[in-house]
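Tertiary structure, described
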Amino acid sequence: GHTNLGLALCAVGQIEEGMSHYRAAIQYEPGNAVIYNDLGVALSRLGRVFEAIQQYEAAARLDPNYLDPALNLGFAMFRLHRLPEAIASYERALRLQPNNPNAENNLGLVLASSERTEEAMAHYQKALQASPGYADAHCNLGAALGSLGRYDLAEQEFEEALKLDDQLPDAH
């Protein structure tokens, strides 16, 4: 139906057209949280972050146990530098799915940009416990260690990140 067509069109870059199918799908299934979340992702890809936030919030209201809107809302709030709201969204995601590596890593990024480096490092480490091959978390942990002057440990993390993903720009 409209939801799958919206997803397919967005996947090939026809985001505006895909969004019209998501909106049509909402008319048929107004209680389907996934459609609202997917519409939010499409809006975010177009840089329409405030509109995306409205869709993520609608998805979360419709299905309070649905993880994706909490993760997406956290990222949107981070993009807008609304750090307390980003932290709250990632903490909500972690209540829904404890030890989710993306939520742990992204919460670490928000905390690091709030000058809370030690707390950030704890979340990067939790992300790595849940997903040892998570190159971004190694890179972020390396950056945090470097900011604290722990250069040997930082270098180890950057080397590990590059072993896992040699395309990471921050690790070079």
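Before reading on, note that the structure itself is shown above.
What you see is a predicted model, and the numbers here were worked out from it, not measured in a lab. (Residues numbered from 1 in each chain as written. Predicted model: local features only at pLDDT ≥ 70, side-chain atom pairs only at ≥ 80, totals over all residues. Heavy atoms only, no water.)

Right, let's talk about the pattern of salt bridges for a bit. Evaluated as defined, the whole model comprises six salt bridges. Residues R48 and E16 are paired through a salt bridge, measuring 3.4 Å at the closest nitrogen-oxygen approach. Here E16 lies in helix α2 (residues 15-28) and R48 lies in the loop between α3 (33-45) and α4 (49-62), a separation of 32 residues in the sequence. Residue class for R48 comes out partly exposed when judged on its relative accessible area of 26%. As a salt-bridge pair, E51 and R48 come within 2.8 Å of each other at their nearest N and O atoms. A residue is classified by how much of its surface remains accessible, and E51, at 30% relative accessible area, is partly exposed. When salt bridges that share partners are traced, they join E16, R48 and E51 into one network. (Salt bridge = Lys/Arg side-chain N within 4 Å of Asp/Glu carboxyl O. Helix = DSSP H or I, 4+ residues; strand = E, 2+ residues; numbered from the N terminus. Buried < 20%, exposed > 50% of the residue type's maximum accessible area, 1.4 Å probe, protein only.)

Think of an α-helix as turning once every 3.6 residues; residues three or four places apart then point the same way. An ideal rise of 1.5 Å per residue puts 20 Å on 14 residues; helix α8 (residues 117-130) measures up with 20 Å between its terminal C-alpha atoms. Buried positions along α8 lie against α7 (101-113), α9 (135-147) and α10 (151-164). (Expected span 1.5 Å × (residues − 1). Contact = heavy atoms within 4.5 Å.)

Inspection of the secondary structure puts A88 in helix α6 (residues 83-96). Looking at A88, the relative accessible area reads 39%, which means it is partly exposed. In the structure, A88 is positioned 48 residues away from D136 in sequence and 21 Å away in space, judged by C-alpha atoms.

Over its 14 residues, α4 runs 20 Å from end to end, which matches the ideal 20 Å to within 8%, given 1.5 Å per residue. Among the residues of α4, those classed as buried are V49, A52, I53, Q55, Y56, A58, A59 and A60. Taken together, the buried residues of α4 touch α3, α5 (67-79) and α6.

Moving on, we get to the packing of α9 against α10. When two helices pack together, their arrangement is captured by the angle between the axes and the distance separating the axes. Look at α9 against α10: their axes get within 8 Å of each other, and the N-to-C directions meet at 160°. It follows from the interaxial angle that α9 and α10 lie roughly antiparallel. Crossing geometry of α9 relative to α10 is assigned as left-handed. Of α10, the residues touching α9 (which contributes A135, H138, C139, L141, G142, A143, L145 and G146) are Y151, L153, A154, E157, F158, E160, A161 and L164. (Axes fitted to C-alpha atoms, helices over the stretch in contact; angles between N-to-C directions. Parallel < 35°, antiparallel > 145°, perpendicular 65-115°, else oblique. Left-handed = near helix turned anticlockwise from the far one by under 90°.)

What follows is about the environment of L107. In this structure, L107 sits in helix α7. With 31 residues separating them in the primary sequence, L107 and A76 have C-alpha atoms 13 Å apart. Once residues within four sequence positions are removed from consideration, L107 is found in contact with I87, Y90, E91, L94 and H123.

Along the polypeptide, Q55 turns up in helix α4. Q55 sits in the buried class, given a relative accessible area of 15%. Apart from the residues lying within four places of it in its own chain, the contact partners of Q55 are Y36, N37, L39, G40 and L43.

Where α3 contacts α4, the two axes come as close as 8 Å, and the packing angle between them is 165°. Here α3 lies roughly antiparallel to α4, going by the angle between them. The handedness of the crossing between α3 and α4 is left-handed. Between α3 and α4, the residues in contact are A33, Y36, N37, L39, G40, V41, L43 and S44 and E51, A52, Q55, Y56, A58, A59 and L62, respectively.

You will see that N99, though not glycine, has its phi angle at about 70°, which is positive. Counting through the fold element by element, N99 comes out in the loop between α6 and α7. At E115, a residue that is not glycine, the phi angle is positive and equals roughly 65°. You can see E115 is positioned in the loop between α7 and α8. Residue E115 is classed as exposed on the basis of its relative accessible area of 69%.

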